[in-house]
Protein chains: 2
Amino acid sequence: MEQKIFRDFLGRKGLKLTRERMSVLREVFSFHDHFDPENLYLRIRGSGLKASRASVYRTLSLLVESGLVRLSMRTERGNIYEHRFGHGHHDHMICNSCGKIIEFYSEKLENIQDEICDNNKFDGVSHTLEIRGICERCGKQGNKRRQEEAEI
Amino acid sequence: MEQKIFRDFLGRKGLKLTRERMSVLREVFSFHDHFDPENLYLRIRGSGLKASRASVYRTLSLLVESGLVRLSMRTERGNIYEHRFGHGHHDHMICNSCGKIIEFYSEKLENIQDEICDNNKFDGVSHTLEIRGICERCGKQGNKRRQEEAEI
DNA sequence: AGTCAATTGAAATTTAATCTCAATTTCAGT
DNA sequence: ACTGAAATTGAGATTAAATTTCAATTGACT
């Protein structure tokens with residue numbers, strides 16, 4: 001599935017299918033969480049595969065370009081990515097207290113955005129919506145962690 | 001107005017009202033566009049005021065904390081800020097071709113977000129929505145600039 | 001004016017991300 | 001399978017945003 005997509009993508013662009021690129025692809029799709037490049041790199045090393053940091057970054061760009069991976073958000077500690085196996089488009093809520101990420105999708109929301117684009121004669125291609133706040137659990141626990149500490 | 005707010009904010013926190021902080025404040029509110037720290041710094045130098053890069057960054061954090069300035073978005077080239085004089089809350093559309101930023105606000109959108117938060121028992125505090133696409137002008141001109149070059 | 005904690009600035013540091021370039025690997029064509 | 005051209009890799013250098021350091025300076029309170 002993702003292997004074939006990536007393979008085709010590389011073929012179309014005249015790029016080569018290397019061991020390193022496959023390692024990155026495999027590792028990215030071996031779990032279903034958000035990830036950052038550095039951790040992905042460590043994970044790859046850890047699982048006996050090989051790919052340098054440079055290759056991880058380079059391959060990540062290709063994966064994004066191919067649509068297999070999405071740049072999920074930017075934080076002050078670098079970018080966070082997610083793969084798109086089964087993952088349709090969705091947006092995020094992030095708890096300022098515990099850092100928990102909740103994914104959600106709303107058709108209504110999508111429609112209104114289309115409407116807004118129309119009103120502005122803007123041809124919308126993609127969007128990112130990030131809602132910050134306090135999740136249910138932290139709300140009940142009464143904010144043990146301070147907001148300043150919590151800022152991702 | 002903004003002077004008084006900042007003054008009070010500093011007072012409340014036991015911080016000092018320095019020439020440098022005032023320079024930053026003045027420059028931030030002297031124009032109504034989005035800005036990045038480096039440009040703000042150059043602008044300050046240019047207008048005869050003084051404040052080092054370090055002070056610009058430090059003051060910017062204070063201004064955000066005070067609510068006078070908002071971190072508008074993160075790009076691969078650093079953060080972009082905007083002041084909030086007259087600016088109520090709004091979201092952004094960004095043209096992938098020319099980089100133009102269009103601000104918009106939609107009550108409907110806000111309401112749906114509240115609804116979504118409720119559904120997830122999430123206490124939403126703030127949000128950022130960024131729609132990427134092609135603006136009217138660029139759409140007509142037929143994408144002179146390539147998307148890759150255009151990525152802010 | 002005197003005191004002292006807060007502040008400043010130049011330069012160093014940190015950190016994510018990108019780039020360099022010699023050595024290696026892929027792959028299309030034989 | 002072999003070959004050669006072109007793409008790719010990796011270690012380390014580089015870039016650039018943002019933060020930190022620390023000695024010298026400044027603001028604010030008495």
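The structure we're discussing is the one just above.
Colleague: Help me get a handle on the relation of the copies chain A and chain B, residues and values and all.
Modeller: When chain A is fitted to chain B, the residual RMSD is 0.3 Å, and the transformation amounts to a turn of 180° plus an axial shift of 0.1 Å. Within this description, the copies of the chain are treated as partners about a two-fold rotation axis. In terms of C-alpha distance to the rotation axis, chain A has A:Leu129 as its closest residue, with the C-alpha 2.2 Å off the axis.

Colleague: I'd like to hear about the nonpolar core, residue by residue, with values.
Modeller: Membership of the largest hydrophobic core comes to 18 residues, with the highest contact counts inside it found for A:Cys95, A:Cys135, B:Cys95 and B:Cys135. If you list the elements that add at least two residues to this core, you get strand E3 (91-95) and strand E5 (123-134) of chain A together with strand E3 (91-95) and strand E5 (123-134) of chain B. For A:Cys135, the contacting residues outside a window of four places in its chain are A:Cys95, A:Cys98, A:Lys100, A:Ile102 and B:Phe122.

Colleague: Just give me the short version of the environment of A:Asp8, but keep the residues and values in it.
Modeller: Residues and elements named next belong to chain A. Along the chain, Asp8 falls in helix H1 (residues 2-12). Owing to 11 C-beta atoms within 10 Å, Asp8 belongs among the exposed residues under this scheme. Along the chain, Asp8 and His90 lie 82 residues apart, while their C-alpha atoms are 26 Å from each other.

Colleague: Residue-level account of the environment of B:Leu60, with values.
Modeller: Residue and element names in this part refer to chain B. Mapped onto the elements, Leu60 comes out in helix H4 (residues 53-66). Here the alpha-carbon distance between Leu60 and Leu109, two residues 49 residues apart in the chain, equals 29 Å. Filtering out sequence-adjacent residues up to four positions away, Leu60 remains in contact with Pro37, Val69 and Tyr81.

Colleague: Explain the packing of helix H2 (residues 19-28) of chain A against helix H3 (residues 37-46) of chain A to me, and be specific about the residues and the numbers.
Modeller: Two packed helices can be described by the angle between their axes and the distance between those axes. All names here are of chain A. Between H2 and H3, whose axes approach to 10 Å, the crossing angle comes to 105°. Taken together, the axes of H2 and H3 are roughly perpendicular relative to one another. Between H2 and H3, the contacting residues are Ser23, Val24, Glu27 and Val28 on the first element and Leu40, Arg43 and Ile44 on the second. Its residues placed into classes, the contact of H2 with H3 shows four nonpolar, one polar and two charged.

Cut-offs applied
- Per chain, the residues get numbers from 1 upward, laid out in the order the sequence is written.
- Chain letters start at A and ligand numbers start at 1, both assigned in the order the entries are written.
- Under the rules for a predicted model, residues below a pLDDT of 70 receive no local features and side-chain atom pairs below 80 are neither given nor counted, while totals for whole chains, interfaces and linings still include all residues.
- The atoms used to superpose the copies are C-alpha atoms, taken from residues with pLDDT of at least 70 in both, and the fit is least squares.
- Joined through C-beta atoms within 7 Å, a set of buried Ala, Val, Leu, Ile, Met, Phe, Trp, Tyr and Cys residues constitutes a nonpolar core.
- Any residue surrounded by 20 or more other C-beta atoms within 10 Å of its C-beta is treated as buried, while 12 or fewer makes it exposed and the intermediate range makes it partly exposed; C-beta atoms here are placed from the backbone.
- Secondary structure elements are taken from DSSP: a helix is a run of H or I of four residues or more, a strand is a run of E of two residues or more, and numbering for both begins at the N terminus.
- With C-beta atoms placed from the backbone, a contact is any residue pair whose C-beta atoms sit within 7 Å.
- Axis lines are fitted to C-alpha atoms, over the contacting stretch for helices. Their N-to-C directions set the angle, which ranges from 0 to 180 degrees.
- Our angle categories are set so that under 35 degrees counts as roughly parallel, over 145 as roughly antiparallel, 65 to 115 as roughly perpendicular, and the remainder as oblique.
- Note on residue categories: nonpolar means Ala, Val, Leu, Ile, Met, Phe, Trp, Tyr, Cys or Pro, charged means Asp, Glu, Lys or Arg, and polar means any other residue, Gly included.

None of the figures reported here should be taken as evidence of function without further support.
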